[in-house]
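Single-letter residue listing:
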Amino acid sequence: PSSIQLLSIFAHQHRQHPGIPALAPTNSNSCVFFFMSVRFLVLLLACLQARTTSSVVPCNGTGAPCFIQLGGVYNKGCGDTRYIASSIAMVKIVNGLNNGKGFGVTAGGNENKHFFQFNFSFATYEKDEYDTVGAALAANLFPRLDFIVGQGAHCGAEDKNTLKMARIADNYQKLYLTQRGPSRFMTAEPQKSHMFSTHLNSDEYATPAIRRYALNGIKNAALVARKTENFFFSGVQLGIRQRLGEAKIDLPIDIELDDGNDDSWQDKINATMRLAVNMGIDVLFLTCTDAPMELAMQLVRQMQYEHSFKSIWMIGGVCKFGTDCGHILGGNQISPVETASFRDTLTGLTASEVISSPHWPADILPLDTPQMDNQADIFAAVSAVAQVIQTYWLFRPFDSTKFISDPNVYTELRKSMASGMTLGYSFRGPLTWSATGALNGRQPSAIQNDLSGNYKLIFSDIEEQSFVFPAPASLACPWQHFRNYSLASCQLCSHECKKCYDKTTWVQDEVCGCVEGAFSPAQQIGVACQECPAPGGVCKGNTHLPYPAGGYWGNSSDPIKFYECYNYKWCIGGVNFTCQDGYSYNMCQGTAPDYFSLGNAVRFKCPTTSSGKWLLALLIIFLVLLAFVVINNYLVANFDSMDIFLDSIQRLAIVSQFQLRWHDGFAWFFFIFDTVLLDADLCRPECLMRWSFNESFWLQFGVLFLFILQFWLPCLWKCVREKRKHQRAWSEIVMKENSTCADDVHKSIQRTIDILSMMYAGIAKNVFDVFNCREISGQRWLRTDPNFQCDSSQHTTLLVFSSLVLVFYIVGFPVAMGVVLWKKQKNSEIHGKRLLATLGTLYDR
């Protein structure tokens, strides 16, 4: 024994609770150093002793109690105090039976009883230290025990290590009583023939509800599951799929959410709930974690006007959403009603009475610890050992010299547990195990939440509670009435049947939607509808929003008002708010991406390559500048008739700028008119950049400035050279008759006035356009360019500059020319040579 006790000290922690007989004497901690130096020798001795020493003090038939060794190894980060405190309390209670003799065994029908008491030994290890510490603890302690109270519940993350400990127990042929129930856990390879559970198979949590669903004619279901390796969640989900298949209930929607690693789980929930509503699913199963479940419940509320589920089943049995949980079903190991009703046959106590007994070690686990009722599985493990022994020897002779130390007897005891016979009754009900060690003495508890958010036991003889099905929220309403859930206290609670509002009718059973020619701004059914926006709006009814008719434009994000397009063919309209190819943005007056425009009416596809786009832009700019130069420097300068003709064309071009419903055949004429008007953004580099009125405006003045520079820079250069050559004053050079400089100055003045006159109409239009805004979808935009926003910083700059141009050019230029000509005429100088050379184009052709 001292060797084994030394190994316990090495294995981190080994304690005996006060009041329970110690398994072996306690040695001084100084022995640790000795053990560390001869660890191999001690381990060898321990193994030899485990093989040769009886683990039970033989009973002598005198009535004195014999001791059965219980114990376990527990993870400190996994509720170790629950196992320790619960086992200690039950051991004290059992040892106190029969006036302190322990529990009695009547063998072979003999009235003489043999009495047994328990010793309980335990060891603990830190979280994540199983491989380095926990395994050695188990290998040390398990050979010295007769039965092991293993860990299980509250240790989902520790499943793999619990199975490893069960494997160690199996190697030593020791019964390992776990509190873990999923079938994947109990059947995990390698098979462990000595592991038995005191926890019901959680795979079957939904079985009672599914069987009742089948009896009530449920046709289909949807499952929103959690993608996980956790035995509990995966087992419940597997059980649902299997039982639905057996009940011939279709499962057309079955999704798994990896909510820990998948950022798109919200989108999946939204899509799944929408599909479930559209398919009219009868029952919704939610076996995911809290966040997806909460979102699903919110969507149930939002979509219940379209469809309400007949039932919702939620994992765990306890809905966490308060009063929203009314009528929701669930499954659990046991309900509070059953916990208060089930009495352990051995002790005559309920689980709550064990906790409130004076034997409870409050120093290890305080009584105010949450979920104290979950200790019943551990109580059952201790009680199960005693009841299995009692039942096994009830009709067998008792050999006090061997008892369970006989390997054959121990094997037969294990086989009786795996036989499927009921060997007793404990805190969770009948002690009946399957061949795999699963506890299956009764079905899991089926519960349903009431309207206060508390749950009640259903399908049970213990407490007769009515099963509310189908959910009141799913009950039908009469013709031309709809379900009003505004006063419903929960997602599945009863609703009010209300008559369809004005301009609404049944679009499907119990669903009132808008009639054709009306719409719901919120796209809701069961609410009053509004008249379709006119003119330009088209309303198909139901929950469809209005869309623009052909020739009208609207904003798809706010389809309440529609606007007549500048060119009705640009605006195709329809449910997709479509513009003609090449046109886009507000009022379909912008150039679509990957297109470029010639003027305002012609659109062409851009080249696909970057080099092609640059080549096209440079070619267009060259051709436009060439056209300007030819018109201004050649045609107008040399042919008076052409000047008069272009002047007439300009007037017609101004008319073309009016926003009228021009025929498409005029598109190329308008391009020519823009050219005559010397419109600087006639061909915009839209394949390379986004172009707006702001760029057009400044480009127009840039072109004017370049033309003026073209006239005056050569003139200035000639005058400078002439001044240097003849050494004359500027006044003599500029004003002298027959002076080359004077002729060039007069010619430059003439060309400047010509270009100011020719570009006057286009610039005037742009200046006035700056002041002309309109409201579109709640914002102000330029009427000429609905994609340039008024009141922006760019627009403010244009307003200031345009005001100056309006005063000094639009108004000032013709006024100045008129004043000069009036004075010259008054002085009879109107036909003077110099005046004709400079201003003659204004009045003498």
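Conventions we followed
- Residues numbered from 1 in each chain as written.
- Predicted model: local features only at pLDDT ≥ 70, side-chain atom pairs only at ≥ 80, totals over all residues.
- Heavy atoms only, no water.
- Axes fitted to C-alpha atoms, helices over the stretch in contact; angles between N-to-C directions.
- Helix = DSSP H or I, 4+ residues; strand = E, 2+ residues; numbered from the N terminus.
- Parallel < 35°, antiparallel > 145°, perpendicular 65-115°, else oblique.
- Left-handed = near helix turned anticlockwise from the far one by under 90°.
- Contact = heavy atoms within 4.5 Å.
- Nonpolar A, V, L, I, M, F, W, Y, C, P; charged D, E, K, R; others polar.
- Polar contact = N/O pair within 3.5 Å; in protein donor to acceptor, adjacent residues only side chain to side chain.
- Pairing = 2+ DSSP bridges.
- Phe/Tyr/Trp six-rings, centres within 6.5 Å; stacked < 30°, edge-to-face > 60°.
- Buried < 20%, exposed > 50% of the residue type's maximum accessible area, 1.4 Å probe, protein only.
- Disulfide = S-S within 2.5 Å.
- Core = buried A, V, L, I, M, F, W, Y, C linked by side-chain atoms within 4.5 Å.
- Expected span 1.5 Å × (residues − 1).

1. A closer look at the packing of helix 20 (residues 693-726) against helix 24 (residues 793-826)
- The interhelical angle for the contact between helix 20 and helix 24, taken along N-to-C directions, is 30°, at an axis separation of 11 Å. Taken together, the axis directions place helix 20 and helix 24 in an arrangement best described as roughly parallel. Here helix 20 runs over helix 24; the crossing is left-handed. Here helix 20 contributes Phe 693, Asn 694, Phe 697, Trp 698 and Phe 701 to the contact with helix 24, which in turn contributes Gln 794, Thr 797, Leu 798, Phe 801, Ser 802 and Val 805.
- Here the residues of the contact of helix 20 with helix 24 are counted per class, giving seven nonpolar, four polar and no charged.

2. Section: the side chain of Glu 338
- With respect to the element layout, Glu 338 can be found in helix 13 (residues 336-341).
- From its side chain, Glu 338 meets the backbone nitrogen of Ser 335 in a polar contact 3.0 Å long.
- Non-local contacts of Glu 338, meaning those with residues more than four positions away in its chain, are made with Arg 442, Ser 445, Leu 457, Ser 460 and Ile 462.

3. A short note on the pairing of strand 19 (residues 511-514)
- As defined by bridge partners, strand 18 (residues 504-508) adjoins strand 19 across four bridges and the pair is classed as antiparallel. Of the residues in strand 19, the one forming a bridge with Gln 508 is Val 511.

4. Re the packing of aromatic side chains
- Here the structure, examined in full by the defined rule, presents 37 aromatic pairs.
- Summarising the aromatic geometry, the rings of Trp 570 and Tyr 583 are spaced 4.7 Å apart at their centres and angled 20° between planes, so their arrangement reads as stacked. Residue Trp 570 is found in the loop between strand 25 (562-564) and strand 26 (571-573), and its partner Tyr 583 is found in strand 28 (residues 583-584); the two are separated by 13 residues along the sequence. In this pair, the class of Trp 570 matches that of Tyr 583, namely buried.
- Geometrically, the ring pair formed by Phe 697 and Phe 801 is edge-to-face, given 6.0 Å between the ring centres and 85° between the ring planes.

5. Remarks on the state of the cysteines
- Inspection of every chain in the model, using the stated rule, returns nine disulfides.
- Disulfide pairing is shown between Cys 500 and Cys 512; the S-S distance is 1.7 Å. Around the S-S axis, the bridge from Cys 500 to Cys 512 shows a dihedral of about -55° and counts as left-handed. Within this pair, whereas Cys 500 is found in the loop between strand 17 (496-499) and strand 18, its partner Cys 512 is found in strand 19, the two being separated by 12 residues in sequence. Cys 512 shares its class with Cys 500; the two are buried.
- There is no disulfide at Cys 715, and the cysteine sulfur nearest it, in Cys 719, is 4.2 Å away.

6. Structural notes on the pairing of strand 13 (residues 429-432)
- Relative to strand 13, strand 12 (residues 422-426) runs antiparallel, the two being bridged by three bridges. For Thr 422, the partnering residue across the bridge sits in strand 13 and is Thr 432.
- Count of turn residues in the strand 12/strand 13 antiparallel hairpin: two residues.

7. What about the sheet that holds strand 6 (residues 195-197)?
- Spatially, 2-3-1-4-5-6 is the arrangement adopted by the six strands of the open sheet, whose pairing is mixed. Either end of the sheet is taken by a strand with one partner, and the two such strands are strand 2 (103-106) and strand 6. For this sheet the average axis-to-axis angle between neighbouring strands, irrespective of direction, equals 30°.
- Judged from the three bridges that link them, strand 5 (residues 175-178) and strand 6 form a sheet pairing that is parallel. Pairing of Thr 178 across the sheet is with Ser 197, part of strand 6.
- Across the sheet, helix 6 (residues 130-141) touches strand 1 (66-75) and strand 3 (113-125), and the angle it forms with strand 3 is around 160°.
- Strand contacts of helix 16 (residues 407-417): strand 4 (147-149), strand 5 and strand 6, with the helix running at about 30° to strand 5, the strand carrying the most contacts.

8. Structural notes on the sheet that holds strand 8 (residues 250-257)
- Taken together, the seven strands give an open sheet; going across it, the order is 8-7-9-10-11-14-15, and neighbouring strands pair in mixed fashion. Both edges of this open sheet fall to strand 8 and strand 15 (455-458), since each of them pairs with a single strand only. Shown here is a sheet whose adjacent strand axes are inclined to one another by a mean of 25°, direction ignored.
- With respect to the sheet, helix 10 (residues 231-246) is in contact with strand 7 (220-226), strand 8, strand 9 (283-287) and strand 10 (311-314), its orientation differing from that of strand 7 by roughly 165°.

9. Some points on the nonpolar core
- Core analysis: the biggest nonpolar cluster contains 59 residues, and Phe 103, Phe 118, Phe 147, Ile 389, Trp 393 and Trp 433 have the highest contact counts within it.
- Beyond its immediate chain neighbours, meaning those up to four positions away, Trp 393 contacts Val 105, Thr 106, Ala 107, Gly 108, Phe 398, Phe 403, Ile 404 and Val 409.
- Counting residues in each nonpolar core, the second largest holds 53 residues, with Ala 206, Ile 240, Ile 253 and Leu 299 among its members.

10. Overview of the environment of Asn 140
- Looking at the element boundaries, Asn 140 is found in helix 6.
- Taking the C-alpha atoms as reference points, Asn 140 and Ala 123, 17 residues apart in sequence, are found 9.9 Å from one another.

11. Some details on the packing of helix 22 (residues 740-758) against helix 24
- At a closest axis distance of 12 Å, the pairing of helix 22 and helix 24 adopts a crossing angle of 135°. Here helix 22 is positioned oblique relative to helix 24, judged by the angle of their axes. Considering only the axes of helix 22 and helix 24, their crossing is left-handed. For the pair helix 22 and helix 24, contact is made by Ile 753, Leu 756 and Ser 757 and by Tyr 809, Phe 813 and Met 817, respectively.
- Residue composition of the contact of helix 22 with helix 24, by class: five nonpolar, one polar and no charged.

12. Things to note about helix 7 (residues 159-171)
- Taking 1.5 Å of rise per residue, 13 residues should cover 18 Å, and helix 7 covers 18 Å from first to last C-alpha, within 8% of that figure.
- Along helix 7, the residues that are buried comprise Asp 159, Asn 161, Thr 162, Leu 163, Met 165, Ala 166, Ile 168, Ala 169 and Asp 170.
- Just downstream of helix 7, Gln 173 is the residue with a positive phi angle, here 55°.

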